[in-house]
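Geometric and topological summary
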Amino acid sequence: MEKKSGATADLLGKAKTDLMANMAQRGIAAIIWDVEEAGFHYIPEVELPDSTEEDPKVARVEGLYTFDGELYLILESAEVNFEDFYNPDSEVRPTVVTLSADLAKKYLGDPKSQAGFDPDGDLEEWLAVTDCYFEALAEED
């Protein structure tokens, strides 16, 4: 992964702060989208820390989670089960799920202590994630 220049790091920090503020304003601590069903223009991917030029490793982003003042990407390797968020016997499977802080903590736990949650990523990756976040909000309505 490439080191961020000072200006890029500042811009990335501001973008993440603004995104967390938008989520807080909407009462959202976590937003999860079903990458298999979502009709997004683009499903964002991030380069994983153990990726190399010879062996690139990426993961699809399936959502966002704010926890303890930090914004985390929810990667496809996170243990998130959509069946937890609806009754398959009587409800249609949602494409997008938003969770309040209490529910996010209940279903997702502490992202620092488990795989599949990543606060990193470069500016380009976060811009794609932000776009997907707003598409997910539109799909939820």
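Structure: see above.
First, a word on scope: everything that follows refers to the structure included in this document. (Residues numbered from 1 in each chain as written. Predicted model: local features only at pLDDT ≥ 70, side-chain atom pairs only at ≥ 80, totals over all residues. Heavy atoms only, no water.)

1. A closer look at the packing of helix α1 (residues 6-25) against helix α3 (residues 123-140)
At a closest axis distance of 10 Å, the pairing of α1 and α3 adopts a crossing angle of 15 degrees. One element, α1, and the other, α3, form an angle in the roughly parallel class. Note that α1 runs across α3; the crossing there is left-handed. From α1, Thr8, Leu11, Leu12, Lys16, Leu19, Asn22 and Met23 reach across to α3, where they touch Leu123, Trp126, Thr130, Tyr133, Phe134 and Leu137. Per-class residue counts for the contact of α1 with α3 are nine nonpolar, three polar and one charged. (Axes fitted to C-alpha atoms, helices over the stretch in contact; angles between N-to-C directions. Helix = DSSP H or I, 4+ residues; strand = E, 2+ residues; numbered from the N terminus. Parallel < 35°, antiparallel > 145°, perpendicular 65-115°, else oblique. Left-handed = near helix turned anticlockwise from the far one by under 90°. Contact = heavy atoms within 4.5 Å. Nonpolar A, V, L, I, M, F, W, Y, C, P; charged D, E, K, R; others polar.)

2. Points about α1
Compared with the 28 Å implied by 1.5 Å per residue over 20 residues, the 28 Å span of α1 between its first and last C-alpha is a close match. Taken together, the buried positions of α1 are occupied by Leu12, Lys16, Leu19, Met20, Asn22 and Met23. Take α1 and look down its axis: the buried residues cluster within an arc of 160 degrees, on one side only. Pointing more than 90 degrees away from the buried face of α1 are the exposed residues Gly6, Ala7, Asp10, Ala24 and Gln25. Those residues of α1 that are buried lie in contact with β1 (30-33), β3 (58-67), β4 (70-75) and α3. Of the residues flanking the end of α1, it is Gly27, one or two places downstream, whose phi is positive at about 75 degrees. (Expected span 1.5 Å × (residues − 1). Buried < 20%, exposed > 50% of the residue type's maximum accessible area, 1.4 Å probe, protein only. Arc of directions from axis to C-beta.)

3. Here we look at the packing of aromatic side chains
Tallied over the entire structure, the rule returns five aromatic pairs. Between the aromatic rings of Phe85 and Tyr107, the centroid separation amounts to 5.0 Å while the plane-to-plane angle is 65 degrees, which identifies the pairing as edge-to-face. Of the two residues, Phe85 sits in the loop between β4 and β5 (96-99) while Tyr107 sits in helix α2 (residues 101-108), which places them 22 residues apart along the sequence. For Phe85, a relative accessible area of 19% corresponds to the buried category. (Phe/Tyr/Trp six-rings, centres within 6.5 Å; stacked < 30°, edge-to-face > 60°.)

4. Details of the pattern of salt bridges
Taken as a whole and assessed by the stated rule, the structure comprises six salt bridges. The partner of Lys16 in a salt bridge is Glu70, with the nearest N and O atoms 3.8 Å apart. Taken as a pair, Lys16 in helix α1 and Glu70 in strand β4 lie far apart in primary sequence, 54 residues in all. We classify Lys16 as buried; its relative accessible area is 12%. (Salt bridge = Lys/Arg side-chain N within 4 Å of Asp/Glu carboxyl O.)

5. Observations regarding the side chain of Asp34
Tracing the sequence through the fold places Asp34 in the loop between β1 and β2 (45-47). Reaching out from Asp34, the side chain makes a polar contact with the side chain of Arg93 at a distance of 2.9 Å. With sequence-adjacent residues up to four places away left out, Asp34 is seen in contact with Phe82, Arg93, Pro94 and Thr95. (Polar contact = N/O pair within 3.5 Å; in protein donor to acceptor, adjacent residues only side chain to side chain.)

6. Here's the deal with the nonpolar core
Ranked by size, the top nonpolar core spans 26 residues in total, and within it Ile31, Trp33, Leu64, Leu73, Trp126 and Tyr133 carry the most contacts. When residues of this core are traced back to their parent elements, those giving at least two are α1, β1, β3, β4 and α3. Aside from chain neighbours lying at most four places away, what touches Ile31 is Met23, Glu62, Gly63, Leu64, Ile74, Val96, Val97, Thr98, Tyr133, Ala136 and Leu137. Core analysis: the second largest hydrophobic core is formed by 15 residues, Ala30, Ile32, Phe67 and Phe82 among them. (Core = buried A, V, L, I, M, F, W, Y, C linked by side-chain atoms within 4.5 Å.)

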